[in-house]
Amino acid sequence: AAGGGWRCGRGVDGAALRWCITGVLCASFLGLGMSIAVLGPTFPNLAANVRKNVSDIYYIFVGRSLGYLGGSVVGGVLFDCMNATLLLALSMLGTTAGLYVIPWCKESLLLTALMSVIGGSMGILDTGANVLALNTWGSEAGPHLQALHFSFAAGAFLAPILAKMALGGSESEELAGTEKTNQSVLKSVPTASAASTTAALKDHHDEDFLWSYIIIGTYILFISIFLFALYSKGSSARDKSKASEQKGKRAKYHWPLVGLLFVFFLFYVGAEVTYGSYVYTYAMVFAEMTESEAAALNSAFWGAFALCRGAAIFGAAFLSPATMILMSLLCSTASSSALAFFAHYRALLWVGNAVYGASMATIFPSGISWIEQYTVVEGKSASVFVVGGALGEMCIPAVVGYLQGRFHHFPVVTYAAFATSIMTVLLFPMMYKLANAPQENDLKEARDSETLKALLTNSRLTEDEEDEEDVREWNDADFEVVEMNDKLKNSLTDTSRSIAGDSPAEVSLQPHLDDVLGDPPVLAGGSPGRQNGNVDWEKSE
């Protein structure tokens, strides 16, 4: 009884630990979303901090993207040879260090290097968190992966609000101070002094704005402490054993399947980022909306995206990953076709925009859950997925921007959304075909099973034939007995009728005749019955 209670308590502790891992991973992805999204609203302030124009420091995006790619690749290798929780904790610590230094960075090259470090840490986190969630929950990982990526969307939504809050506190103080200063300047101070005062207030405002990096960095620091605590618990010790158990589950076409998913995620993530980045400009230029309407259209896209990703946490508990992917692909194709060809109808533009955002929400986590059902998802495989998404995020927006600059009169962004939707619809059946290809072990087992079945069938047929032959032999023997019995009866009857008169011998013959006719087993022998009959006949004579 004590042993059973210990096992029960151990199971409860294991379940609590798994939920704790999920909570920390979701909190990590919340920080990841904030770290990525905070760059947008603070970009002008970063440029001013390094004394550059906005157009002159575009390369910090390139640095962060390259770091993200490198972190994904390196993380995929490291996750297969070291503790996953420890690596995630170290990556979060690196992100914290980068975010703390950025507000005081005054050199553009140093800023680019810091962005590369942060991008590398983000790539490691993005790769490792997905692998750790799969190793923790296995076939039950669907809702947890959806929660993970919903947390990322929530972080991306919260970062601009946090930046505006950091701005808002100083904005009112600045406005009040500026009014008082202007009044005093008009009375007694030269205009140059007023300009210098305004510049000082602007510098103070920029510093306050960059405090959003410190807030996000502190949050991520706390998450890294929790990850170190999980490492001390040995949370991923079972992950390696589970990964070794899953070695036999590797699909026959593992790497071709991973390569197709790489291309699939390249188009999907590229389409998501491209549309989300250019929808505001599209609404202003091609839909002829006002600024507030264009902002509302942009918010509707990302709001539907976040809302559907949150609902997918519960939907993944009832729907298979393949079903969710298929539904998303069909909705994205229908909505992107409406955006590309029927956007001149204002209602279809709003509906298509919202449906397109909702359909893009669940594809990435559902894709990872789907491939886990057919093959092993290790660090290297997950890094391929993440690199595909990162390349799509880098390349497709750049290509669309270049084409839009060349063809001013065509809404390239909506045509690109439709083209990428068609590509993903064509790629998924190919991946499904490869994933369901029978493995060599399955073919061998099928052949062995068919051979055994054939042997058993032949043995049954042989036994049935032997039984039928025995039955035929017994029937033939019975027919011979019946024929012998009839012949003997007829012979004795004819002999008895040939005797003249009513002699006493007839009386003595009758009981012997009855005995002979009534004893088939003796007659089967042949000679004994015939000899007895002859002896009695001689005596009667």
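Worth saying up front: this structure is predicted, and the values here are computed from it rather than measured.

Peer 1: Please provide a residue-by-residue account of the overall build of the protein, values included.
Peer 2: When you go through the protein residue by residue, the secondary structure sums to 19 helices and 0 strands. Excluding contacts between residues fewer than 6 apart, the proportion of contacts in the protein whose partners are at least 24 apart in sequence is 85%. Accessible surface for the protein amounts to roughly 28300 Å². Of this, 64% is attributable to carbon and sulfur atoms.

Peer 1: Go over the packing of aromatic side chains with me, naming the residues and quoting the values.
Peer 2: Evaluation of the coordinates by the stated rule reveals 16 aromatic pairs. Relative to Trp 137, the ring of Trp 19 lies with its centre 5.2 Å away and its plane at 70 degrees, an arrangement referred to as edge-to-face. Of this pair, Trp 19 sits in helix α1 (residues 2–37) while Trp 137 sits in helix α5 (residues 108–137), and the two are 118 residues apart along the sequence. Judged by its relative accessible area of 6%, Trp 137 is buried. Note on Trp 370 and Tyr 374: the rings are 5.3 Å apart at their centroids and 55 degrees apart in plane angle, and the pair reads as tilted.

Peer 1: Hey, could you go over the nonpolar core for me, with residue numbers and the actual values?
Peer 2: By size, the foremost hydrophobic cluster in this structure holds 101 residues, and its most contacted members are Leu 46, Tyr 213, Phe 264 and Trp 370. Counting residues per element, this core draws most heavily on helix α9 (residues 254–285), at 14 residues. Shared between two domains, this core holds at least three residues of each, these being domain 1 (15–169 + 207–233) and domain 2 (252–439). Setting aside chain neighbours within four positions, we find Tyr 213 in contact with Val 38, Leu 39, Thr 42, Leu 46, Leu 99, Ile 102, Pro 103 and Met 115. Listed in part, the 5 residues of the second largest apolar core include Ile 396, Val 400, Val 412 and Ala 416.

Peer 1: Quick one: what's the story with the packing of α9 against helix α12 (residues 346–359), residue by residue and with numbers?
Peer 2: For the pair α9 and α12, the least separation of the axes is 12 Å and the interaxial angle reads 150 degrees. With respect to α12, the element α9 is oriented roughly antiparallel. When the axes of α9 and α12 are compared, the crossing they make is left-handed. Residues Ala 271, Tyr 275, Val 279 and Tyr 282 of α9 form the contact with α12, whose own contacting residues are Leu 349, Asn 353 and Tyr 356. Tallied by class, residues from the contact of α9 with α12 come to 6 nonpolar, 1 polar and no charged.

Peer 1: Tell me about helix α10 (residues 291–315), residues and numbers included.
Peer 2: Taking 1.5 Å of rise per residue, 25 residues should cover 36 Å, and α10 covers 35 Å from first to last C-alpha, within 8% of that figure. Of the positions making up α10, those classed as buried are Ala 294, Leu 297, Asn 298, Phe 301, Ala 304, Phe 305, Arg 309, Gly 310 and Ala 312.

Peer 1: Go over the pattern of salt bridges with me, naming the residues and quoting the values.
Peer 2: For the structure shown, the criterion picks out 1 salt bridge. Across the pair Glu 107 and Arg 51 runs a salt bridge whose closest N-O atoms are separated by 4.0 Å. In this pair, Glu 107 is assigned in the loop between α4 (84–101) and α5 and Arg 51 in the loop between α2 (39–49) and α3 (59–78), connecting sequence segments 56 residues apart. Taking relative accessible area as the criterion, Arg 51 reaches 60% and is therefore assigned exposed.

Peer 1: Tell me what's going on with the side chain of Thr 375, and back it up with residues and numbers.
Peer 2: Within the secondary structure, Thr 375 is located in the loop between α13 (363–372) and α14 (379–406). Within polar-contact distance, the side chain of Thr 375 engages the side chain of His 254 at 2.5 Å.

Peer 1: Outline the side chain of Ser 108, listing residues and values.
Peer 2: Structurally, the position occupied by Ser 108 is in helix α5. Looking at Ser 108, the relative accessible area reads 12%, which means it is buried. When neighbours within four sequence positions are excluded, Ser 108 is seen to be in contact with Val 50, Lys 52 and Tyr 59.

Peer 1: Residues and numbers for unusual backbone geometry, please.
Peer 2: Of note, the phi angle at Arg 51 is positive, near 60 degrees, even though the residue is not glycine. Phi at Glu 288 is positive, roughly 55 degrees, even though this residue is not glycine. In this structure, Glu 288 sits in the loop between α9 and α10.

Peer 1: I'd like to hear about a nonpolar patch on the surface, residue by residue, with values.
Peer 2: Among the surface-exposed residues, Phe 341, Phe 342, Tyr 345, Leu 348, Val 399, Tyr 402, Leu 403, Phe 407, Phe 410 and Tyr 415 lie close enough to one another that they form a single nonpolar patch of about 990 Å² accessible area. Here the element with the most residues in the nonpolar patch is α14; it accounts for 3 residues. Along the chain, Phe 410 falls in the loop between α14 and α15 (412–435). Judged by its relative accessible area of 48%, Phe 410 falls in the partly exposed class.

Peer 1: Explain the environment of Ser 381 to me, using residue names and the numbers behind them.
Peer 2: For Ser 381, the position within the fold is in helix α14. Along the backbone, Ser 381 and Gly 259 are 122 residues apart, and their C-alpha atoms lie at a distance of 9.2 Å. Residues in contact with Ser 381, not counting those within four places in the same chain, are His 254, Trp 255, Val 258 and Val 376. A distance of 3.3 Å separates a polar atom in the side chain of Ser 381 from a polar atom in the side chain of His 254.

Peer 1: An account of the environment of Ala 311 is needed here, citing residue identities and associated values.
Peer 2: Examined against the element boundaries, Ala 311 turns out to sit in helix α10. It is 8.8 Å that separates the C-alpha atoms of Ala 311 and Gln 146, two residues lying 165 residues apart in sequence.

Peer 1: Requested: an account of the packing of α5 against α14, with residues and values cited.
Peer 2: For the pair α5 and α14, the least separation of the axes is 9 Å and the interaxial angle reads 130 degrees. Put simply, α5 runs oblique to α14. The chirality of how α5 crosses α14 is right-handed. Here α5 contributes Asp 126, Thr 127 and Val 131 to the contact with α14, which in turn contributes Gly 379, Ala 382, Ser 383 and Val 386.

Peer 1: Lay out the confidence of the model for the protein in plain terms, naming residues and giving numbers.
Peer 2: Summary statistics for the protein give a mean pLDDT of 75 and a share of 67% for residues scoring 70 or more. In the model of the protein, helix α19 (residues 527–540) stands out as the element of lowest mean pLDDT, 43, in contrast to helix α11 (residues 321–341), which has the highest, 95. Low pLDDT, under 50, characterises residues 169–205; the stretch is placed with 10 contacts to residues that sit more than four places away or in other chains. Across residues 519–541 the pLDDT falls below 50, and counting only partners more than four positions away or on other chains, this stretch makes 16 contacts in the model.

Scoring rules and cut-offs
- Residues numbered from 1 in each chain as written.
- Predicted model: local features only at pLDDT ≥ 70, side-chain atom pairs only at ≥ 80, totals over all residues.
- Heavy atoms only, no water.
- Helix = DSSP H or I, 4+ residues; strand = E, 2+ residues; numbered from the N terminus.
- Contact = heavy atoms within 4.5 Å.
- Areas by Shrake-Rupley, 256 points an atom, 1.4 Å probe, with all protein chains shown as cover.
- Phe/Tyr/Trp six-rings, centres within 6.5 Å; stacked < 30°, edge-to-face > 60°.
- Buried < 20%, exposed > 50% of the residue type's maximum accessible area, 1.4 Å probe, protein only.
- Core = buried A, V, L, I, M, F, W, Y, C linked by side-chain atoms within 4.5 Å.
- Domains from an automatic or database assignment.
- Axes fitted to C-alpha atoms, helices over the stretch in contact; angles between N-to-C directions.
- Parallel < 35°, antiparallel > 145°, perpendicular 65-115°, else oblique.
- Left-handed = near helix turned anticlockwise from the far one by under 90°.
- Nonpolar A, V, L, I, M, F, W, Y, C, P; charged D, E, K, R; others polar.
- Expected span 1.5 Å × (residues − 1).
- Salt bridge = Lys/Arg side-chain N within 4 Å of Asp/Glu carboxyl O.
- Polar contact = N/O pair within 3.5 Å; in protein donor to acceptor, adjacent residues only side chain to side chain.
- Patch = residues over 30% accessible without salt bridge, like charges linked within 9 Å, V, L, I, M, F, W, Y side chains within 5 Å.
- pLDDT = per-residue confidence, 0-100.

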